[in-house]
Amino acid sequence: MNQENKFYIDIECRQNNHVGELICGDVFLSKRIKEEGRTIAVLSDGMGSGVKANVLATLTASMALNFTVEHREVRRTAEIIMNTLPVCSVRKVSYSTFTIIDIEDDGTTTIVEYDNPTCTITRGAEIYDAKWDYIELEGEQNRGKKIRICRFIARREDRIFFWSDGIMQSGMGTKAFPFGWGEDGMRDYVKSLVRYTPFASSGKLAQKVLNMALLHDGDKPKDDSSCGVIYFREPRKLLLVTGPPYEDSKDFQFALKVQHFKGKKIIAGGTTAEVVSRELALKFDAGLESDDPDLPPISFMQEINLVTEGILTLGKVARLLEQYNMDTRLGKGPADQIIKMLFESDKIHIINGTRINVAHQDPNLPVELEIRRTVVKRIIRLLEEKFLKDVDVEYI
(Lines give C-alpha, C1' and ligand atoms only; values in the text may rest on other atoms or scores of the structure.)
Protein backbone atom coordinates (compact mmCIF):
# COMPACT_ATOMS: atom_id res chain seq x y z
CA MET A 1 0.00 0.00 0.00
CA ASN A 2 1.19 3.52 -0.76
CA GLN A 3 1.92 5.10 2.63
CA GLU A 4 2.06 8.72 1.45
CA ASN A 5 -1.01 8.77 -0.79
CA LYS A 6 -2.75 6.00 1.19
CA PHE A 7 -4.06 3.94 -1.68
CA TYR A 8 -4.40 0.22 -2.09
CA ILE A 9 -3.81 -1.50 -5.44
CA ASP A 10 -6.86 -3.68 -6.13
CA ILE A 11 -6.21 -6.11 -9.04
CA GLU A 12 -8.68 -8.60 -10.53
CA CYS A 13 -9.07 -10.41 -13.85
CA ARG A 14 -12.17 -12.21 -15.17
CA GLN A 15 -12.16 -14.64 -18.10
CA ASN A 16 -14.46 -16.60 -20.44
CA ASN A 17 -13.28 -19.55 -22.52
CA HIS A 18 -13.87 -19.86 -26.28
CA VAL A 19 -17.18 -21.71 -26.71
CA GLY A 20 -16.61 -25.46 -26.51
CA GLU A 21 -13.20 -25.21 -24.82
CA LEU A 22 -12.51 -26.43 -21.28
CA ILE A 23 -9.39 -24.30 -20.81
CA CYS A 24 -8.77 -20.62 -21.48
CA GLY A 25 -6.18 -19.57 -24.06
CA ASP A 26 -5.60 -16.32 -22.14
CA VAL A 27 -3.42 -16.39 -19.01
CA PHE A 28 -3.32 -13.81 -16.21
CA LEU A 29 -0.56 -13.73 -13.57
CA SER A 30 0.19 -11.26 -10.79
CA LYS A 31 2.84 -10.92 -8.11
CA ARG A 32 3.46 -8.67 -5.14
CA ILE A 33 7.14 -8.02 -4.34
CA LYS A 34 6.77 -6.70 -0.82
CA GLU A 35 10.43 -6.01 -0.15
CA GLU A 36 10.67 -3.78 -3.26
CA GLY A 37 7.24 -2.18 -2.94
CA ARG A 38 6.19 -3.37 -6.41
CA THR A 39 3.11 -5.07 -7.83
CA ILE A 40 3.21 -6.70 -11.28
CA ALA A 41 0.31 -7.94 -13.43
CA VAL A 42 0.60 -9.74 -16.78
CA LEU A 43 -2.02 -10.81 -19.33
CA SER A 44 -1.14 -12.97 -22.34
CA ASP A 45 -3.31 -14.23 -25.22
CA GLY A 46 -2.03 -17.35 -27.00
CA MET A 47 -2.70 -18.01 -30.68
CA GLY A 48 -5.93 -19.92 -31.28
CA SER A 49 -7.81 -21.41 -28.35
CA GLY A 50 -7.76 -24.34 -25.97
CA VAL A 51 -4.69 -26.20 -24.71
CA LYS A 52 -2.21 -25.02 -27.38
CA ALA A 53 -3.16 -21.38 -26.82
CA ASN A 54 -2.92 -21.85 -23.06
CA VAL A 55 0.59 -23.32 -23.35
CA LEU A 56 1.77 -20.36 -25.45
CA ALA A 57 0.13 -17.84 -23.14
CA THR A 58 1.43 -19.53 -19.97
CA LEU A 59 4.98 -19.54 -21.30
CA THR A 60 4.69 -15.89 -22.36
CA ALA A 61 3.08 -14.68 -19.13
CA SER A 62 5.59 -16.56 -16.96
CA MET A 63 8.60 -15.14 -18.79
CA ALA A 64 7.13 -11.64 -18.85
CA LEU A 65 6.47 -11.76 -15.11
CA ASN A 66 9.88 -13.16 -14.19
CA PHE A 67 11.83 -10.79 -16.46
CA THR A 68 9.89 -7.80 -15.10
CA VAL A 69 10.61 -8.90 -11.53
CA GLU A 70 14.30 -8.94 -12.49
CA HIS A 71 14.12 -5.42 -14.00
CA ARG A 72 15.06 -6.67 -17.49
CA GLU A 73 15.08 -4.06 -20.27
CA VAL A 74 11.77 -3.96 -22.17
CA ARG A 75 13.16 -4.52 -25.68
CA ARG A 76 15.29 -7.45 -24.51
CA THR A 77 12.35 -9.01 -22.64
CA ALA A 78 10.15 -8.85 -25.75
CA GLU A 79 12.89 -10.33 -27.97
CA ILE A 80 13.49 -13.27 -25.61
CA ILE A 81 9.77 -14.04 -25.29
CA MET A 82 9.18 -14.01 -29.04
CA ASN A 83 12.28 -16.09 -29.78
CA THR A 84 11.43 -18.68 -27.12
CA LEU A 85 7.82 -19.52 -28.07
CA PRO A 86 7.46 -22.95 -29.71
CA VAL A 87 6.54 -22.92 -33.42
CA CYS A 88 3.14 -24.40 -34.36
CA SER A 89 3.68 -27.45 -36.60
CA VAL A 90 0.59 -26.56 -38.66
CA ARG A 91 0.82 -22.77 -39.04
CA LYS A 92 4.64 -22.65 -38.85
CA VAL A 93 4.42 -19.62 -36.55
CA SER A 94 4.43 -18.99 -32.83
CA TYR A 95 2.45 -16.12 -31.45
CA SER A 96 1.30 -14.75 -28.12
CA THR A 97 0.42 -11.22 -27.04
CA PHE A 98 1.23 -9.66 -23.69
CA THR A 99 0.39 -6.75 -21.41
CA ILE A 100 2.78 -6.05 -18.52
CA ILE A 101 1.84 -3.59 -15.77
CA ASP A 102 4.56 -2.77 -13.22
CA ILE A 103 3.43 -0.59 -10.30
CA GLU A 104 5.58 0.88 -7.53
CA ASP A 105 4.09 1.79 -4.17
CA ASP A 106 4.53 5.52 -4.84
CA GLY A 107 2.18 5.17 -7.84
CA THR A 108 4.86 5.07 -10.57
CA THR A 109 3.30 2.81 -13.20
CA THR A 110 4.83 1.36 -16.36
CA ILE A 111 2.67 -0.43 -18.94
CA VAL A 112 4.18 -2.47 -21.76
CA GLU A 113 1.96 -3.97 -24.48
CA TYR A 114 2.41 -6.15 -27.51
CA ASP A 115 -0.65 -6.70 -29.75
CA ASN A 116 -3.28 -6.67 -27.00
CA PRO A 117 -5.95 -3.94 -27.28
CA THR A 118 -4.60 -0.73 -25.74
CA CYS A 119 -5.26 -0.32 -22.01
CA THR A 120 -7.81 2.29 -21.01
CA ILE A 121 -6.82 4.44 -18.03
CA THR A 122 -9.48 6.42 -16.19
CA ARG A 123 -8.89 9.29 -13.78
CA GLY A 124 -12.16 9.73 -12.00
CA ALA A 125 -14.80 9.17 -14.69
CA GLU A 126 -12.68 10.58 -17.52
CA ILE A 127 -10.17 8.92 -19.84
CA TYR A 128 -6.57 9.72 -18.93
CA ASP A 129 -4.02 10.11 -21.73
CA ALA A 130 -0.80 8.44 -20.57
CA LYS A 131 1.18 9.52 -23.68
CA TRP A 132 2.05 6.18 -25.27
CA ASP A 133 5.42 5.69 -26.98
CA TYR A 134 6.61 2.89 -29.26
CA ILE A 135 9.74 0.76 -29.13
CA GLU A 136 10.74 -0.97 -32.37
CA LEU A 137 12.41 -4.36 -32.06
CA GLU A 138 15.75 -4.79 -33.79
CA GLY A 139 16.46 -8.53 -33.59
CA GLU A 140 16.67 -10.52 -36.82
CA GLN A 141 13.52 -12.58 -36.17
CA ASN A 142 11.36 -9.68 -34.98
CA ARG A 143 12.72 -6.62 -36.78
CA GLY A 144 10.02 -4.01 -37.31
CA LYS A 145 7.61 -5.27 -34.63
CA LYS A 146 6.55 -2.57 -32.19
CA ILE A 147 5.96 -2.52 -28.43
CA ARG A 148 3.72 0.12 -26.85
CA ILE A 149 4.87 1.64 -23.58
CA CYS A 150 3.72 4.37 -21.20
CA ARG A 151 4.70 5.63 -17.77
CA PHE A 152 2.63 7.76 -15.40
CA ILE A 153 2.09 8.47 -11.71
CA ALA A 154 -1.16 6.90 -10.55
CA ARG A 155 -3.44 8.74 -8.15
CA ARG A 156 -6.17 7.54 -5.83
CA GLU A 157 -9.34 6.65 -7.80
CA ASP A 158 -7.37 5.95 -11.01
CA ARG A 159 -8.19 2.69 -12.81
CA ILE A 160 -6.47 0.68 -15.53
CA PHE A 161 -8.60 -1.58 -17.75
CA PHE A 162 -6.64 -4.17 -19.75
CA TRP A 163 -8.01 -6.92 -21.98
CA SER A 164 -7.49 -9.53 -24.68
CA ASP A 165 -8.91 -9.11 -28.19
CA GLY A 166 -11.82 -11.45 -27.38
CA ILE A 167 -13.37 -8.41 -25.66
CA MET A 168 -12.68 -5.96 -28.49
CA GLN A 169 -13.90 -8.38 -31.19
CA SER A 170 -17.03 -9.50 -29.33
CA GLY A 171 -20.17 -9.23 -31.43
CA MET A 172 -18.23 -9.35 -34.70
CA GLY A 173 -20.55 -10.20 -37.59
CA THR A 174 -23.72 -9.10 -35.79
CA LYS A 175 -25.92 -6.22 -36.93
CA ALA A 176 -25.05 -4.22 -33.83
CA PHE A 177 -21.27 -4.75 -34.13
CA PRO A 178 -20.36 -5.95 -37.64
CA PHE A 179 -16.68 -5.23 -36.95
CA GLY A 180 -16.75 -6.07 -33.24
CA TRP A 181 -17.24 -3.94 -30.13
CA GLY A 182 -14.00 -2.05 -30.85
CA GLU A 183 -11.75 0.02 -28.61
CA ASP A 184 -13.97 3.10 -28.83
CA GLY A 185 -17.00 1.09 -27.71
CA MET A 186 -15.05 -0.50 -24.86
CA ARG A 187 -13.72 2.88 -23.76
CA ASP A 188 -17.17 4.50 -23.76
CA TYR A 189 -18.59 1.59 -21.76
CA VAL A 190 -15.96 1.71 -19.00
CA LYS A 191 -16.41 5.48 -18.72
CA SER A 192 -20.09 4.94 -18.03
CA LEU A 193 -19.32 2.12 -15.57
CA VAL A 194 -16.96 4.29 -13.55
CA ARG A 195 -19.34 7.25 -13.67
CA TYR A 196 -22.37 5.31 -12.37
CA THR A 197 -20.55 2.88 -10.04
CA PRO A 198 -17.68 5.06 -8.76
CA PHE A 199 -16.68 2.76 -5.88
CA ALA A 200 -17.11 -0.64 -7.55
CA SER A 201 -14.26 -3.09 -6.97
CA SER A 202 -11.93 -4.23 -9.73
CA GLY A 203 -13.57 -7.66 -9.76
CA LYS A 204 -17.06 -6.25 -10.24
CA LEU A 205 -15.96 -3.91 -13.02
CA ALA A 206 -14.04 -6.65 -14.84
CA GLN A 207 -17.05 -8.95 -14.61
CA LYS A 208 -19.39 -6.28 -16.03
CA VAL A 209 -17.11 -5.79 -19.04
CA LEU A 210 -16.89 -9.56 -19.53
CA ASN A 211 -20.67 -9.93 -19.24
CA MET A 212 -21.23 -7.25 -21.90
CA ALA A 213 -18.81 -8.96 -24.30
CA LEU A 214 -20.60 -12.25 -23.65
CA LEU A 215 -23.94 -10.59 -24.43
CA HIS A 216 -22.56 -9.33 -27.75
CA ASP A 217 -21.62 -12.91 -28.64
CA GLY A 218 -25.02 -14.33 -27.74
CA ASP A 219 -23.60 -16.15 -24.68
CA LYS A 220 -21.23 -18.13 -26.94
CA PRO A 221 -17.78 -16.51 -26.90
CA LYS A 222 -16.10 -16.72 -30.30
CA ASP A 223 -12.69 -16.25 -28.69
CA ASP A 224 -11.08 -16.46 -25.26
CA SER A 225 -11.97 -13.24 -23.45
CA SER A 226 -10.20 -11.59 -20.52
CA CYS A 227 -10.71 -8.28 -18.76
CA GLY A 228 -8.47 -7.10 -15.95
CA VAL A 229 -8.89 -4.00 -13.80
CA ILE A 230 -6.48 -2.26 -11.46
CA TYR A 231 -8.07 0.20 -9.03
CA PHE A 232 -6.02 2.59 -6.87
CA ARG A 233 -8.33 3.19 -3.93
CA GLU A 234 -8.68 4.06 -0.27
CA PRO A 235 -7.83 0.83 1.59
CA ARG A 236 -10.67 -1.07 3.25
CA LYS A 237 -9.44 -2.25 6.66
CA LEU A 238 -10.20 -5.44 8.57
CA LEU A 239 -9.14 -6.72 11.99
CA LEU A 240 -8.97 -10.49 12.57
CA VAL A 241 -8.45 -11.48 16.23
CA THR A 242 -7.73 -15.03 17.37
CA GLY A 243 -6.62 -15.84 20.89
CA PRO A 244 -6.49 -13.58 23.98
CA PRO A 245 -3.22 -12.04 25.24
CA TYR A 246 -0.73 -14.22 27.11
CA GLU A 247 -1.14 -12.27 30.37
CA ASP A 248 -4.57 -11.82 31.96
CA SER A 249 -3.53 -8.34 33.13
CA LYS A 250 -3.52 -7.16 29.51
CA ASP A 251 -7.12 -8.19 28.76
CA PHE A 252 -8.58 -4.69 29.06
CA GLN A 253 -5.83 -3.09 26.95
CA PHE A 254 -6.36 -5.85 24.38
CA ALA A 255 -10.13 -5.30 24.31
CA LEU A 256 -9.67 -1.53 23.87
CA LYS A 257 -7.40 -2.20 20.89
CA VAL A 258 -10.21 -4.22 19.30
CA GLN A 259 -12.79 -1.54 20.10
CA HIS A 260 -10.74 1.36 18.72
CA PHE A 261 -9.87 -0.32 15.42
CA LYS A 262 -11.25 1.66 12.45
CA GLY A 263 -12.70 -0.94 10.12
CA LYS A 264 -14.53 -4.27 10.13
CA LYS A 265 -13.78 -6.79 12.88
CA ILE A 266 -13.72 -10.58 13.14
CA ILE A 267 -13.12 -12.55 16.32
CA ALA A 268 -12.21 -16.21 15.77
CA GLY A 269 -12.29 -18.02 19.12
CA GLY A 270 -14.84 -18.42 21.89
CA THR A 271 -12.46 -17.55 24.75
CA THR A 272 -11.24 -14.49 22.85
CA ALA A 273 -14.81 -13.32 22.30
CA GLU A 274 -15.63 -13.82 25.98
CA VAL A 275 -12.65 -11.69 27.02
CA VAL A 276 -13.64 -8.82 24.69
CA SER A 277 -17.30 -9.06 25.75
CA ARG A 278 -16.43 -9.08 29.47
CA GLU A 279 -13.90 -6.24 29.36
CA LEU A 280 -16.06 -3.94 27.23
CA ALA A 281 -19.45 -4.99 28.68
CA LEU A 282 -20.74 -5.94 25.23
CA LYS A 283 -23.75 -8.17 24.68
CA PHE A 284 -22.61 -11.61 23.52
CA ASP A 285 -24.91 -14.42 22.36
CA ALA A 286 -23.70 -17.85 21.32
CA GLY A 287 -25.13 -19.22 18.08
CA LEU A 288 -27.40 -22.28 18.06
CA GLU A 289 -27.18 -23.62 14.49
CA SER A 290 -24.38 -23.72 11.94
CA ASP A 291 -24.64 -23.52 8.15
CA ASP A 292 -21.55 -25.74 8.02
CA PRO A 293 -21.85 -29.24 9.58
CA ASP A 294 -18.06 -29.30 10.13
CA LEU A 295 -17.95 -26.18 12.30
CA PRO A 296 -19.57 -24.68 15.42
CA PRO A 297 -22.14 -21.94 14.74
CA ILE A 298 -21.53 -18.22 14.39
CA SER A 299 -22.04 -16.12 17.52
CA PHE A 300 -23.15 -12.51 17.85
CA MET A 301 -21.56 -9.57 19.67
CA GLN A 302 -22.15 -5.83 19.73
CA GLU A 303 -19.63 -3.81 17.66
CA ILE A 304 -18.13 -6.97 16.09
CA ASN A 305 -19.02 -7.90 12.52
CA LEU A 306 -18.41 -11.65 12.83
CA VAL A 307 -17.68 -14.03 15.73
CA THR A 308 -16.70 -17.65 15.10
CA GLU A 309 -14.94 -20.59 16.75
CA GLY A 310 -11.15 -20.47 16.51
CA ILE A 311 -8.75 -23.16 15.32
CA LEU A 312 -11.17 -25.42 13.43
CA THR A 313 -12.70 -22.47 11.58
CA LEU A 314 -9.36 -20.89 10.69
CA GLY A 315 -8.08 -24.26 9.52
CA LYS A 316 -10.98 -24.47 7.10
CA VAL A 317 -10.36 -20.86 6.01
CA ALA A 318 -6.80 -21.86 5.07
CA ARG A 319 -8.00 -24.93 3.12
CA LEU A 320 -10.65 -22.94 1.24
CA LEU A 321 -8.13 -20.23 0.35
CA GLU A 322 -5.71 -22.85 -0.99
CA GLN A 323 -8.42 -24.41 -3.18
CA TYR A 324 -10.03 -21.13 -4.28
CA ASN A 325 -10.31 -20.32 -7.99
CA MET A 326 -12.59 -18.24 -10.22
CA ASP A 327 -15.20 -21.04 -10.27
CA THR A 328 -15.41 -21.30 -6.47
CA ARG A 329 -18.75 -20.39 -4.91
CA LEU A 330 -18.67 -19.60 -1.21
CA GLY A 331 -21.48 -20.73 1.10
CA LYS A 332 -22.89 -19.30 4.33
CA GLY A 333 -20.77 -21.18 6.86
CA PRO A 334 -18.43 -19.47 9.34
CA ALA A 335 -15.24 -20.07 7.30
CA ASP A 336 -16.96 -18.93 4.10
CA GLN A 337 -18.10 -15.72 5.78
CA ILE A 338 -14.59 -14.99 7.04
CA ILE A 339 -13.25 -15.41 3.49
CA LYS A 340 -15.90 -13.11 2.06
CA MET A 341 -14.88 -10.40 4.52
CA LEU A 342 -11.18 -10.97 3.80
CA PHE A 343 -11.84 -10.61 0.06
CA GLU A 344 -13.81 -7.40 0.66
CA SER A 345 -10.85 -5.92 2.57
CA ASP A 346 -7.48 -4.59 1.45
CA LYS A 347 -5.38 -3.97 4.56
CA ILE A 348 -5.77 -6.78 7.08
CA HIS A 349 -4.38 -6.62 10.62
CA ILE A 350 -4.24 -9.89 12.55
CA ILE A 351 -3.90 -10.05 16.33
CA ASN A 352 -2.73 -13.52 17.33
CA GLY A 353 -3.04 -14.08 21.07
CA THR A 354 -0.68 -16.50 22.79
CA ARG A 355 -2.65 -17.51 25.90
CA ILE A 356 -3.15 -21.25 26.32
CA ASN A 357 -6.78 -22.33 26.39
CA VAL A 358 -6.94 -24.05 29.80
CA ALA A 359 -10.53 -25.11 29.12
CA HIS A 360 -9.15 -27.82 26.84
CA GLN A 361 -7.34 -29.47 29.83
CA ASP A 362 -4.86 -31.08 27.43
CA PRO A 363 -1.40 -32.12 28.68
CA ASN A 364 0.03 -31.00 25.34
CA LEU A 365 -1.33 -27.46 25.61
CA PRO A 366 1.59 -25.74 23.81
CA VAL A 367 0.61 -27.75 20.71
CA GLU A 368 -2.56 -25.66 20.45
CA LEU A 369 -0.52 -22.46 20.23
CA GLU A 370 1.70 -23.92 17.52
CA ILE A 371 -1.32 -25.11 15.52
CA ARG A 372 -2.93 -21.66 15.73
CA ARG A 373 0.31 -19.92 14.78
CA THR A 374 0.87 -22.29 11.83
CA VAL A 375 -2.68 -21.82 10.53
CA VAL A 376 -2.41 -18.04 10.81
CA LYS A 377 0.89 -18.12 8.89
CA ARG A 378 -0.75 -20.19 6.11
CA ILE A 379 -3.59 -17.69 5.87
CA ILE A 380 -1.20 -14.73 5.75
CA ARG A 381 0.92 -16.34 3.02
CA LEU A 382 -2.13 -17.11 0.88
CA LEU A 383 -3.63 -13.65 1.34
CA GLU A 384 -0.35 -11.96 0.39
CA GLU A 385 0.86 -14.21 -2.42
CA LYS A 386 -2.36 -15.49 -4.01
CA PHE A 387 -4.71 -12.57 -3.38
CA LEU A 388 -2.23 -9.65 -3.08
CA LYS A 389 -3.64 -8.42 0.23
CA ASP A 390 -1.66 -6.14 2.54
CA VAL A 391 -1.37 -8.16 5.78
CA ASP A 392 0.44 -7.63 9.06
CA VAL A 393 0.33 -9.72 12.24
CA GLU A 394 0.76 -8.81 15.89
CA TYR A 395 1.49 -11.43 18.54
CA ILE A 396 0.39 -10.55 22.08
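For the structure itself, look to the data block above.
Residues numbered from 1 in each chain as written. Predicted model: local features only at pLDDT ≥ 70, side-chain atom pairs only at ≥ 80, totals over all residues. Heavy atoms only, no water.

A.B. asks: So what exactly am I meant to see when it comes to the packing of helix α1 (residues 50-69) against helix α2 (residues 74-84) here?
C.D. replies: Relative placement of two packed helices is described by the angle separating their axes and the distance separating the axes. The N-to-C vectors of α1 and α2 enclose an angle of 155°; their axes lie 10 Å apart at closest approach. Here α1 is positioned roughly antiparallel relative to α2, judged by the angle of their axes. Where α1 crosses over α2, the handedness of that crossing is right-handed. Here α1 contributes L59, T60, M63, A64 and F67 to the contact with α2, which in turn contributes T77, I80, I81 and T84. When the residues that make up the contact of α1 with α2 are grouped by side-chain class, the tally is six nonpolar, three polar and no charged. (Axes fitted to C-alpha atoms, helices over the stretch in contact; angles between N-to-C directions. Helix = DSSP H or I, 4+ residues; strand = E, 2+ residues; numbered from the N terminus. Parallel < 35°, antiparallel > 145°, perpendicular 65-115°, else oblique. Left-handed = near helix turned anticlockwise from the far one by under 90°. Contact = heavy atoms within 4.5 Å. Nonpolar A, V, L, I, M, F, W, Y, C, P; charged D, E, K, R; others polar.)

A.B. asks: What am I meant to see in the nonpolar core here?
C.D. replies: What tends to happen in soluble globular proteins is that the nonpolar side chains get buried as a cluster. Counting 27 residues, the largest nonpolar core has V317, L321 and I379 as its most contacted members. Looking at this core, the elements that each hand over two or more residues are β12 (237-242), β13 (264-268), α8 (311-323), α9 (334-343), β17 (347-352) and α10 (365-385). For this core, the element with the most residues is α10, which contributes six residues. Other than its neighbours up to four places away in sequence, I379 contacts L314, V317, A318 and L321. If you look at the next biggest cluster of nonpolar residues, it comprises 24 residues, including I81, Y114, I135 and I149. (Core = buried A, V, L, I, M, F, W, Y, C linked by side-chain atoms within 4.5 Å. Buried < 20%, exposed > 50% of the residue type's maximum accessible area, 1.4 Å probe, protein only.)

A.B. asks: Is there a simple way to think about the sheet that holds strand β18 (residues 390-395) in this case?
C.D. replies: Within a sheet, each strand pairs with its neighbour through backbone hydrogen bonds, oriented either parallel or antiparallel. Taken together, five strands build an open sheet; the order of strands is β16-β13-β12-β17-β18 and the sheet is parallel. Strands at the two margins of the open sheet, each flanked by one partner only, are β16 (306-308) and β18. The sheet shows a mean angle of 15° between the axes of neighbouring strands, direction not considered. Note: β13 against β16, three bridges, orientation parallel. Considered in β16, the bridge of A268 is made with T308. Strands β12, β13 and β16 of the sheet are contacted by helix α7 (residues 270-280), whose axis makes an angle of about 125° with β13. Here α9 sits on the sheet in contact with β12, β13, β16 and β17, set at roughly 140° to β16. (Pairing = 2+ DSSP bridges.)

A.B. asks: Teacher, can you tell me more about a nonpolar patch on the surface here?
C.D. replies: Where nonpolar side chains cluster on the molecular surface, the patch consists of I23, V51 and V55 and spans about 240 Å² of accessible area. With respect to the helices and strands, V55 occurs in helix α1. A relative accessible area of 45% means that V55 is categorised as partly exposed. (Patch = residues over 30% accessible without salt bridge, like charges linked within 9 Å, V, L, I, M, F, W, Y side chains within 5 Å. Areas by Shrake-Rupley, 256 points an atom, 1.4 Å probe, with all protein chains shown as cover. Salt bridge = Lys/Arg side-chain N within 4 Å of Asp/Glu carboxyl O.)

A.B. asks: Can you help me understand the sheet that holds strand β9 (residues 146-153) in this one?
C.D. replies: An order of β2-β3-β4-β5-β9-β8 is seen for the six strands of this open sheet, with the pairing classed as antiparallel. One side of each edge strand has no neighbouring strand; the edge strands of this open sheet are β2 (26-33) and β8 (133-136). Mean inter-strand twist for the sheet, computed between neighbouring axes without regard to direction, equals 15°. With six bridges connecting them, strand β5 (residues 108-114) and β9 associate as antiparallel partners. What sits directly across from T109, in β9, is F152. Sheet strands touched by α1: β2, β3 (38-46) and β4 (96-104). Its angle to β3, the strand with the most contacts, is close to 155°. The strands touched by α2 within the sheet are β4, β5, β8 and β9, with β9 carrying the most contacts at an inclination of about 140°.

A.B. asks: I tried to follow the environment of S164 on my own but got confused; where do I start?
C.D. replies: The topology assignment puts S164 in the loop between β10 (158-163) and α3 (165-168). The class for S164 is buried, based on a relative accessible area of 0%. As a C-alpha pair, S164 and L43 span 121 residues in sequence and 7.8 Å in three-dimensional space. Those residues in contact with S164 that lie beyond four places of it in its chain are D26, L43, D45, N116, P117, D224, S225 and S226. In terms of polar contacts, S164 uses its side chain to reach the backbone amide nitrogen of S226, at 3.0 Å. (Polar contact = N/O pair within 3.5 Å; in protein donor to acceptor, adjacent residues only side chain to side chain.)

A.B. asks: I'm lost on α2 in this one. Help?
C.D. replies: What sets the pattern is the α-helix's 3.6 residues per turn: residues three or four places apart point alike. For α2, the set of buried residues is V74, T77, A78, E79, I80, I81 and M82. Taken together, the buried residues of α2 touch α1, β4, β5, β8 and β9. The backbone nitrogen of R75 lies 3.1 Å from a side-chain oxygen of the residue at the head of α2, namely E73.

A.B. asks: Quick question: what am I supposed to make of the packing of aromatic side chains here?
C.D. replies: In this description, an aromatic ring pair is defined by two values, namely the gap between the centres and the angle between the planes. Summed over all chains, the structure comprises ten aromatic pairs. Ring plane angle 50° and centroid distance 5.6 Å describe the contact between Y128 and F152, whose orientation is recorded as tilted. In this pair, Y128 sits in the loop between β7 (126-127) and β8 while F152 sits in strand β9, placing the two residues 24 residues apart along the sequence. Of the residues examined, Y128 reaches a relative accessible area of 26% and is grouped as partly exposed. The side chain of R159 reaches across the aromatic face of Y231, ending 3.8 Å from its centre. (Phe/Tyr/Trp six-rings, centres within 6.5 Å; stacked < 30°, edge-to-face > 60°. Lys NZ or Arg CZ within 6 Å of the ring centre and 35° of its normal.)

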